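Architecture at a glance
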Amino acid sequence: MMKAGLVIPFVESAYRFLQEELRVEVTRGQLRLESSKATSGEVNVAIGVAGEAEGTVLYSMSEKTAKQIASILIGEPVPVFGQLAESAIAEMGNIITAQAAAGLEDYGFQCNLTPPTVIAGKGVVISTVDIQRLVIPLELSVGFMGISVALRYLSKK
Amino acid sequence: MAVAKVLCVDDALFMRTKAARLLAGQGYEIYEAVNGADAVDKYFDVKPDVVLMDITMPVMGGIEAVKAIREKDPEAKVIMVTAISQRSMVLEAIRAGARDFVIKPFEPDKLLEAVRKQCQG
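1. Observations concerning unusual backbone geometry
Glycine aside, residues mostly have negative phi angles, and peptide bonds mostly take the trans form. All names here are of chain B. In this structure, Pro105 follows Lys104 across a cis peptide bond, with omega equal to -5°. The residue Pro105 is located in the loop between strand E5 (100–103) and helix H5 (108–120) in this model. In the Ramachandran plot, Val59 falls in the positive-phi region, its phi being about 70° despite a non-glycine side chain.

2. A look at the sheet that holds strand E3 (residues 50–53) of chain B
All names here are of chain B. Pairing is parallel in the open sheet, where five strands are placed in the order E2-E1-E3-E4-E5. What marks the edges here is a single partner per strand, and that holds for strand E2 (29–33) and E5. Within the sheet, the average angular offset between the axes of one strand and its neighbour, ignoring direction, is 20°. Of the pairings in the sheet, the one linking strand E1 (residues 5–9) to E3 comprises four bridges and is parallel in character.

3. Some points on the packing of aromatic side chains
Overall, the coordinates contain two aromatic pairs over all chains when judged by the stated rule. A ring pair is formed by A:Phe109 and A:Tyr153, whose centres lie 5.2 Å apart and whose planes are at 65°; its orientation type is edge-to-face. Taken together, the residues A:Phe109 in the loop between helix H3 (83–106) and strand E6 (111–113) and A:Tyr153 in strand E10 (residues 143–153) connect sequence positions 44 residues apart. For the residue pair A:Phe109 and A:Tyr153, the accessibility class agrees, reading buried in each case. Ring plane angle 80° and centroid distance 5.0 Å describe the contact between B:Tyr43 and B:Phe44, whose orientation is recorded as edge-to-face. Positioned above the aromatic ring of B:Phe106 is the side chain of B:Lys18, whose terminal nitrogen or guanidinium carbon lies 4.9 Å from the ring centre. The lysine or arginine in question, B:Lys72, covers the ring of B:Phe44, its NZ or CZ lying 5.5 Å from the ring centre.

4. Some details on the interface of chain A and chain B
Contact with chain A, which involves 24 residues of that partner, is made by 19 residues of chain B. When the buried surface of chain A facing chain B is broken down by residue, A:Leu84, A:Glu91 and A:Glu105 rank first, second and third, together holding 27% of it. The tally of links from chain A across to chain B stands at two salt bridges. For A:Glu91, the salt bridge is made with B:Lys104, and the minimal N-O distance between the two is 2.9 Å. Run the count over chain A and chain B and you get five residue pairs in polar contact (both at pLDDT 80 or more). Breaking the side of chain A that touches chain B down by element, the ones donating at least two residues are helix H1 (8–22), helix H2 (63–74), H3 and E6 of chain A. When residues of the side of chain A that touches chain B are assigned to their parent elements, the largest contribution, 13 residues, is made by H3(A).

5. A word on the pairing of E1(B)
Residues and elements named next belong to chain B. Among the five residues in E1, four count as buried, and that is most of the element. The pairing of E1 with E2 spans five bridges and is parallel. Its bridge partner being in E2, Val6 is matched across the sheet by Ile30. The β-α-β motif built from E1, the intervening helix H1 (residues 13–24) and the parallel element E2 has right-handed crossover chirality.

6. Considerations on the pattern of salt bridges
What the rule picks out here adds up to 13 salt bridges over all chains. A salt bridge links A:Arg32 to A:Glu34; its shortest N-O distance comes to 2.5 Å. Taken together, the shared-partner salt bridges in this structure form one network comprising A:Glu91, B:Asp10, B:Asp54 and B:Lys104.

7. Structural notes on the packing of H1(B) against H5(B)
Angle between the axes and distance between the axes are the two parameters that describe a pair of packed helices. Residues and elements named next belong to chain B. Two numbers describe how H1 lies on H5: the axes approach to 11 Å, and their chain directions differ by 65°. Taken together, the axes of H1 and H5 lie roughly perpendicular to each other. Handedness of the H1/H5 crossing: right-handed. For the pair H1 and H5, contact is made by Ala19, Leu22 and Leu23 and by Pro108, Leu111, Leu112 and Val115, respectively. The residue inventory of the contact of H1 with H5, partitioned by class, reads seven nonpolar, no polar and no charged.

8. Description of the environment of A:Arg152
With respect to the secondary-structure elements, A:Arg152 resides in strand E10. Considered as a pair, A:Arg152 and A:Ile131 are 21 residues apart in the sequence and their alpha carbons are 6.9 Å apart.

9. Re H5(B)
Residue and element names in this part refer to chain B. Given a rise of 1.5 Å per residue, 13 residues ought to cover 18 Å, and the 18 Å separating the end C-alpha atoms of H5 matches this to within 8%. For H5, the full list of buried residues reads Leu111, Leu112, Ala114, Val115 and Gln118. Along H5, the residues classed as buried sweep out an arc of 160° about the axis, all on the same side. Along H5, the residues that are exposed and aim more than 90 degrees away from the buried face are Asp109, Lys110 and Gln120. Contact partners of the buried residues in H5: E1, H1, E3, strand E4 (78–82) and E5.

Parameters and conventions
- Residues numbered from 1 in each chain as written.
- Chains lettered and ligands numbered in written order.
- Predicted model: local features only at pLDDT ≥ 70, side-chain atom pairs only at ≥ 80, totals over all residues.
- Heavy atoms only, no water.
- Helix = DSSP H or I, 4+ residues; strand = E, 2+ residues; numbered from the N terminus.
- Pairing = 2+ DSSP bridges.
- Axes fitted to C-alpha atoms, helices over the stretch in contact; angles between N-to-C directions.
- Phe/Tyr/Trp six-rings, centres within 6.5 Å; stacked < 30°, edge-to-face > 60°.
- Buried < 20%, exposed > 50% of the residue type's maximum accessible area, 1.4 Å probe, protein only.
- Lys NZ or Arg CZ within 6 Å of the ring centre and 35° of its normal.
- Contact = heavy atoms within 4.5 Å.
- Buried area = accessible area lost by both parts, 1.4 Å probe.
- Salt bridge = Lys/Arg side-chain N within 4 Å of Asp/Glu carboxyl O.
- Polar contact = N/O pair within 3.5 Å; in protein donor to acceptor, adjacent residues only side chain to side chain.
- Right-handed = clockwise from strand over helix to strand, strands pointing away.
- Parallel < 35°, antiparallel > 145°, perpendicular 65-115°, else oblique.
- Left-handed = near helix turned anticlockwise from the far one by under 90°.
- Nonpolar A, V, L, I, M, F, W, Y, C, P; charged D, E, K, R; others polar.
- Expected span 1.5 Å × (residues − 1).
- Arc of directions from axis to C-beta.

Below is the structure:
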């Protein structure tokens, strides 16, 4: 069962990274719970979570947004979404998720992460199978990014 | 002449590039490894003065790599550079022999200071 309160570390971690590292304006939309398959953006970063919380965290955005974010992180223009840009976007997902995982530890959930996977292409559909996704829509000054947190938590005694 | 040799270990091309550009700009000689196993091989080939080591990597993770390097070279100077700030991971890395810790996303000055400190120590 998804615990809505435990999404707070992800929201906080995303805000910290986006505002402090990218220095972009961030506006959060309404959180929503989804069970259907996710129609993803053109660029997606998936991070697996295992341990006392398990599932997947997805970061989805358009290629244009991904190129703009990568450009800020790399410090030079990114005309083509190549290997270095892909790595920069993956690392953004990795850092946000890792910091959120540290936050989850404060709630008493210890977990490990897998290295990030980038899934790029138009019309990609991603399923988190039987785990509901809590979607955090973020409007950035460089475009839109959706964070889907599909985790189930081991009940604590 | 190079200031010192630094081995940057990270599966992420972006992080290796970022650290390499920063350190090369300060006169360090940079070597790169893409995972823990690659790092162990390159460590004994290159004999770097300092290693910057990520934790979560495919094939072999950073903590395992630190243990493997320190087993053969107890004087190895390894700085963990990782997004993972979980207490349990920090403690495990220190127990494995890491000398310092820099949290990603790193501030350039903090990374340079950590490398300088190890080079002097």
